[in-house]
Amino acid sequence: MTEATRSLLTLLKRVEHGLDAILQPVVFAAMAALIGVITLQIVSRVLFSAVGWTEEVSRFLLVWITFLASTLAFQRGRHIAVTFAVDALPAQLRKGARILATLAVLGFLVALVVIGYRYMQVQSYQKSASLRLSMTYVYAVIPLSAAIMCWYAVVDLVELIVKGERVEEPTQ
C-alpha cells in the first residue's frame, strides 16, 4: 500500500470516526428525551389531564432515533447479513463479491438519498397536528441518514479495494 493510499484511508477513517463521535451522543440524547417525554405523558395522564404534544414528540423522536441508530449499526456491520456463501469463496472471488455487494448497497443508499429528499420536499407543506411543525424536519432524517451511510459505504469500499477486507474494529 502506497503512502498516498494509506493517508487517504486514514483521512476517510478519521471522518468516519468524527461522524460516529457526533451520532452517538445525539442518539443517546434523543433516547433520554424520548424517555423523558414518555414519562411526562404517563405522569400527566395519571395525575392531570394528558399533555397533547407528548405523543407527537415521542413519535418523531422514535423515527429520528431509528434512522440515526441504523447508521451506527451500519458503520459497525451490525445489520443482518448472510455471509456463508461469500465466506466459502476463494479470497479473490470473496473480495470481488464483497465489492459488488458494497456497490449495490451504495446504489441503494444513493437512491434513498434522492427519494428521501424528494419526499421531504413533498411533505414540506404539511404541518404536524399538535406542534404545527413542518414535516420537512421529521422527514429530513431519511436523506440525512442515507447520506451518512453512503459515506460509511464509500469508506468500506475504499478499504475493500485497498486492503482486500473490511477491518472490523472493536466496539466500545
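Here the structure is a predicted model, which is why all the values come from computation and not from measurement.

**Quick word on the environment of valine 114**
Alright, step 1. Along the chain, the position of valine 114 falls in helix 4 (residues 91-122).
Alright, step 2. Relative accessible area serves as the criterion here: at 35%, valine 114 is assigned to the partly exposed category.

**Digging into the nonpolar core**
Alright, step 1. Core analysis: the largest hydrophobic core is formed by 23 residues, its most contacted members being Leu23, Leu61, Phe74 and Leu109.
Alright, step 2. Broken down by secondary-structure element, the contributors of at least two residues to this core are helix 1 (3-47), helix 2 (53-75), helix 4 and helix 6 (141-163).
Alright, step 3. Here leucine 61 is in contact with Ala30, Ala33, Leu34 and Val37, once residues within four sequence places are set aside.

**Overview of the packing of aromatic side chains**
Alright, step 1. This model, assessed by the stated rule, comprises one aromatic pair.
Alright, step 2. Both rings, one in tyrosine 119 and one in tyrosine 139, keep their centres 4.9 Å apart while their planes meet at 85°; by these two values the pair is edge-to-face. Residue tyrosine 119 is located in helix 4, and its partner tyrosine 139 is located in helix 5 (residues 135-139); the two are separated by 20 residues in the primary sequence.
Alright, step 3. Among the residues examined, tyrosine 119 registers a relative accessible area of 36% and is labelled partly exposed.

**Examining a nonpolar patch on the surface**
Alright, step 1. Taken together, the side chains of Ile38, Ile42, Val43, Val46, Leu47 and Phe48 present a nonpolar region at the surface, about 610 Å² in accessible area.
Alright, step 2. For leucine 47, the location among the structural elements is in helix 1.

**Side note on the confidence of the model for the protein chain**
Alright, step 1. When pLDDT is averaged across the protein chain, the result is 91; 95% of the residues are at 70 or more.
Alright, step 2. Within the protein chain, no element has a lower average pLDDT than helix 3 (residues 84-87), which sits at 85, and none a higher one than helix 2, at 96.

**Describing helix 4**
Alright, step 1. Helix length check: helix 4 (32 residues) gives 46 Å between terminal C-alpha atoms against 46 Å at 1.5 Å per residue, within 8%.
Alright, step 2. Every buried residue of helix 4 is accounted for by Arg94, Ile99, Thr102, Leu106, Leu109, Gly116 and Met120.

**Points about the pattern of salt bridges**
Alright, step 1. Per the stated rule, a full pass over the model turns up seven salt bridges.
Alright, step 2. Across the salt bridge formed by glutamate 159 and lysine 13, the nearest N and O atoms sit 3.8 Å from each other. Here the residue glutamate 159 occupies a position in helix 6, and lysine 13 occupies one in helix 1, the gap between them amounting to 146 residues.
Alright, step 3. Taking relative accessible area as the criterion, glutamate 159 reaches 2% and is therefore assigned buried.
Alright, step 4. In this structure lysine 13 comes out as buried when scored by relative accessible area, which is 11%.
Alright, step 5. Taken together, the salt bridges that share partners define one network made up of Lys13, Glu16, Glu159 and Lys163.

**Examining helix 6**
Alright, step 1. Compared with an ideal rise of 1.5 Å per residue, which puts 23 residues at 33 Å, helix 6 spans 32 Å between its outermost C-alpha atoms and is within 8% of the ideal.
Alright, step 2. Where helix 6 ends, the next residue or the one after it, glycine 164, has phi of about 95°, a positive value.

Conventions used here
Residues numbered from 1 in each chain as written. Predicted model: local features only at pLDDT ≥ 70, side-chain atom pairs only at ≥ 80, totals over all residues. Heavy atoms only, no water. Helix = DSSP H or I, 4+ residues; strand = E, 2+ residues; numbered from the N terminus. Buried < 20%, exposed > 50% of the residue type's maximum accessible area, 1.4 Å probe, protein only. Core = buried A, V, L, I, M, F, W, Y, C linked by side-chain atoms within 4.5 Å. Contact = heavy atoms within 4.5 Å. Phe/Tyr/Trp six-rings, centres within 6.5 Å; stacked < 30°, edge-to-face > 60°. Patch = residues over 30% accessible without salt bridge, like charges linked within 9 Å, V, L, I, M, F, W, Y side chains within 5 Å. Areas by Shrake-Rupley, 256 points an atom, 1.4 Å probe, with all protein chains shown as cover. Salt bridge = Lys/Arg side-chain N within 4 Å of Asp/Glu carboxyl O. pLDDT = per-residue confidence, 0-100. Expected span 1.5 Å × (residues − 1).

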